[in-house]
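# Architecture and fold: a report
One letter stands for each residue in the lines below.
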Amino acid sequence: MIKTIIVLKEHNPLEKRVALDPKNIERLVKKGFQVIVAPEAGKHAYFSDEEYIAAGATVDVPDFATPAIILAINPPDKKIINQFKAGSTLICLLDPYRQIPLIKQLAEAKIDAIALEFIPRITRAQSMDVLSSQATISGYQSALIAASSSPRFFPMLTTAAGTIRPAKVLVIGAGVAGLQAIATAKRLGAQVEAYDIRPDAKEQVESLGAKLVDTGVNAAGEGGYARELTDEEKAQQAEALAKHVKGVHVIISTAAIPGRRAPLIITKEMVESMMPGSVIVDMAAETGGNCALTKVGETIEHHGITICGPQNLPSTVAIHASEMFAQNIYNYLSPFITEEGLQFDSEDEVVKDSRIIHNGEVVSERIKPLLTA
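To start, this report covers the structure provided alongside it. (Residues numbered from 1 in each chain as written. Predicted model: local features only at pLDDT ≥ 70, side-chain atom pairs only at ≥ 80, totals over all residues. Heavy atoms only, no water.)

## Focus on the sheet that holds strand S2 (residues 34–37)
The strand order across the open sheet built from eight strands is S3-S2-S1-S4-S5-S6-S18-S19, with neighbouring strands paired in mixed fashion. Each edge of the open sheet carries a strand with a single partner, namely strand S3 (58–59) and strand S19 (361–362). Taken together, the three bridges between strand S4 (residues 69–71) and strand S5 (residues 89–92) define a ladder with parallel strand orientation. Looking across to S5, one finds that Ile70 is bridged to Leu90. (Pairing = 2+ DSSP bridges. Helix = DSSP H or I, 4+ residues; strand = E, 2+ residues; numbered from the N terminus.)

## Some thoughts on the packing of helix H1 (residues 22–30) against helix H10 (residues 318–333)
The relative placement of two packed helices is expressed as an angle between their axes plus a distance between the axes. Contact pair H1 / H10: the axes reach a minimum separation of 9 Å and the direction vectors enclose 20 degrees. With respect to their mutual orientation, H1 and H10 come out roughly parallel. For the pair formed by H1 and H10, the contact residues are Lys23, Asn24, Arg27 and Leu28 on the first element and Glu323, Ala326, Gln327 and Tyr330 on the second. The class makeup of the residues in the contact of H1 with H10 is three nonpolar, two polar and three charged. (Axes fitted to C-alpha atoms, helices over the stretch in contact; angles between N-to-C directions. Parallel < 35°, antiparallel > 145°, perpendicular 65-115°, else oblique. Contact = heavy atoms within 4.5 Å. Nonpolar A, V, L, I, M, F, W, Y, C, P; charged D, E, K, R; others polar.)

## Quick word on helix H8 (residues 231–245)
In an α-helix there are 3.6 residues to a turn, and that puts residues three or four apart on one side. The terminal C-alpha atoms of H8 lie 21 Å apart, and with 15 residues this matches the ideal 21 Å at 1.5 Å per residue to within 8%. Along H8, the residues classified as buried are Glu233, Gln237, Leu241 and Val245. End-on, the buried residues of H8 take up no more than an arc of 85 degrees, which puts them together on one face. For H8, exposure combined with an orientation more than 90 degrees from the buried face picks out Asp231, Glu232, Glu239 and Lys243. The secondary structure elements touched by the buried residues of H8 are strand S9 (168–172), strand S10 (191–195), strand S12 (250–253) and helix H9 (268–273). (Expected span 1.5 Å × (residues − 1). Buried < 20%, exposed > 50% of the residue type's maximum accessible area, 1.4 Å probe, protein only. Arc of directions from axis to C-beta.)

## What to know about the packing of aromatic side chains
What the rule picks out here adds up to six aromatic pairs. Aromatic rings pair up to connect Tyr332, Phe336 and Phe344 into one cluster. The ring of Tyr330 has Arg27 lying over it, and the distance from NZ or CZ to the ring centre is 3.8 Å. Between the NZ or CZ atom of Arg366 and the centre of the ring of Phe118, over which it lies, the distance is 3.7 Å. (Phe/Tyr/Trp six-rings, centres within 6.5 Å; stacked < 30°, edge-to-face > 60°. Lys NZ or Arg CZ within 6 Å of the ring centre and 35° of its normal.)

## Focus: the pairing of strand S18 (residues 355–358)
In this sheet, S18 lies alongside strand S6 (residues 112–115) in antiparallel orientation, the contact comprising two bridges. By the bridge assignment, Ile114 is partnered in S18 with Arg355. In this sheet, S19 lies alongside S18 in antiparallel orientation, the contact comprising two bridges. The residue bridging Ile357 from the neighbouring strand is Val362, located in S19.

## A look at the pattern of salt bridges
A complete count under the given rule lists nine salt bridges for this structure. Here Arg17 makes a salt bridge to Glu15, at a shortest N to O gap of 2.8 Å. Of the two residues, Arg17 and Glu15, both sit in the buried class. Residue Asp129 is joined to Arg121 by a salt bridge in which the shortest nitrogen-to-oxygen separation is 3.4 Å. By relative accessible area, Arg121 is classed as partly exposed at 38%. (Salt bridge = Lys/Arg side-chain N within 4 Å of Asp/Glu carboxyl O.)

## Digging into the sheet that holds S12
Reading across from one edge, S11-S10-S9-S12-S13-S15-S14 is the order of the seven strands in this open sheet, with mixed pairing throughout. The sheet terminates laterally at strand S11 (211–212) and strand S14 (299–302), the two strands that pair on one side only. Bridge analysis of S9 against S10 gives five bridges, and the strand direction is parallel. For Ile172, the partnering residue across the bridge sits in S10 and is Tyr195.

## Overview of the pairing of strand S15 (residues 305–308)
With burial as the criterion, each face of S15 is covered, one bearing Ile305 and Ile307 and the other bearing Thr306 and Cys308. In terms of strand pairing, strand S13 (residues 279–282) meets S15 through three bridges, oriented parallel. In the sheet register, Val281 faces S15, and the bridge partner there is Cys308. Pairing of S14 with S15, which is carried by four bridges, proceeds in the antiparallel orientation. Opposite Glu301, over in S15, you have Thr306 as the bridge partner. Hairpin connection between S14 and S15: a loop of two residues separates the two successive antiparallel strands, and His303 in this loop has a positive phi of roughly 50 degrees.

## Here we look at the nonpolar core
Ile5, Leu20, Val35, Ile91, Tyr332 and Phe344 are the most contacted members of the largest nonpolar core, which has 42 residues in total. Of all the secondary structure elements, the ones that give two or more residues to this core are strand S1 (4–7), H1, S2, S4, H10 and helix H11 (349–354). Ranked by the residues each element gives to this core, the list is headed by H10, at seven residues. Setting aside chain neighbours within four positions, we find Phe344 in contact with Ile69, Thr89, Ile91, Ile114, Tyr332, Leu333, Phe336, Val351 and Arg355. Grouped together as the second largest cluster of nonpolar side chains are 25 residues, Leu8, Leu94, Val362 and Ile367 included. (Core = buried A, V, L, I, M, F, W, Y, C linked by side-chain atoms within 4.5 Å.)

## Looking at the packing of helix H5 (residues 130–149) against helix H6 (residues 176–187)
Closest axis-to-axis distance for the H5/H6 pair is 7 Å, and the angle between their directions is 40 degrees. Classed by the angle they form, the pair H5 and H6 counts as oblique. Pair H5 / H6 crosses with right-handed handedness. Across the interface between the two elements, Ser132, Ala135, Thr136, Gly139, Tyr140, Ala143 and Leu144 from H5 touch Val176, Ala177, Gln180, Ala181, Thr184 and Ala185 from H6. Looking at side-chain class alone, the contact of H5 with H6 contains eight nonpolar, five polar and no charged residues. (Left-handed = near helix turned anticlockwise from the far one by under 90°.)

The values are spatial; any link to function lies outside them.
Rendered as structure tokens:
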């Protein structure tokens, strides 16, 4: 049984979130846990060390002397992992498909690992779904970036100088991020359309007051995600979208496939066909981008079209992003809290799907084949 929880300070300078907020630390302390927070771990999310201490945490440099539940947003630095005590459990956005060397290191050190990305999309796990909570923020921020980057008003305005027609916004991908982008763009007054290759998205898109663009492609995949398109489907999609993008002022692109490069949807030719002053916000920039011209972390202009490739959007709303992340973590841990400490149930569906390493072995069926690739 583990009764110690350690909250790490993120080492990536772009990361402003923290894995636990004072409110949820207080709840865990009341359940008998010792919670150790690295100094200034919450500084960039505006949670002071004093607030953590008031919540019952100990603020100190972790010494990892005993097995602990170790919480982080992103995978820790390899040097820190070398200090972890065998039998500890690391819980974070592990990025397992792209972190195979790190997974091997954790397994050799007999550190259990849970990848929050692999929490199953089932009803019981909705309150634990970190990807969804953080995608909500990304969708919201993408719409705000689009509005602030556009040389056009989003809403219709009636003024003494005449009537301004609303901006036309196309959201590509109607998952959690896309739906929030739709909702935010609508609240800003834009005329919004959406495109998704999953037929189930139609009802959700229309419930937000937007119209779904039908390209005739159906690529519903497992777990609520889209599958990768065939070459024929890609050509069909491209032909339909090429006609459509000419008439929009803003594209917000959110399409992603777990463990793979983001699908290339907006070609150079499509960009060049758009109206001067149009804006593309490519939320998939960090995984390759949905637009052929996207540069991650940069805003560029091509033929009069502004293309934004933002990084780590949830971190830009660090307070609420951290609070949501922390609540997801608490909801993940709480079913396995006993009077003696934390004991995960290996047969629980949520644990089975999200656990990558257990007792020094890689147990995830999705990751095992990659170890020898």
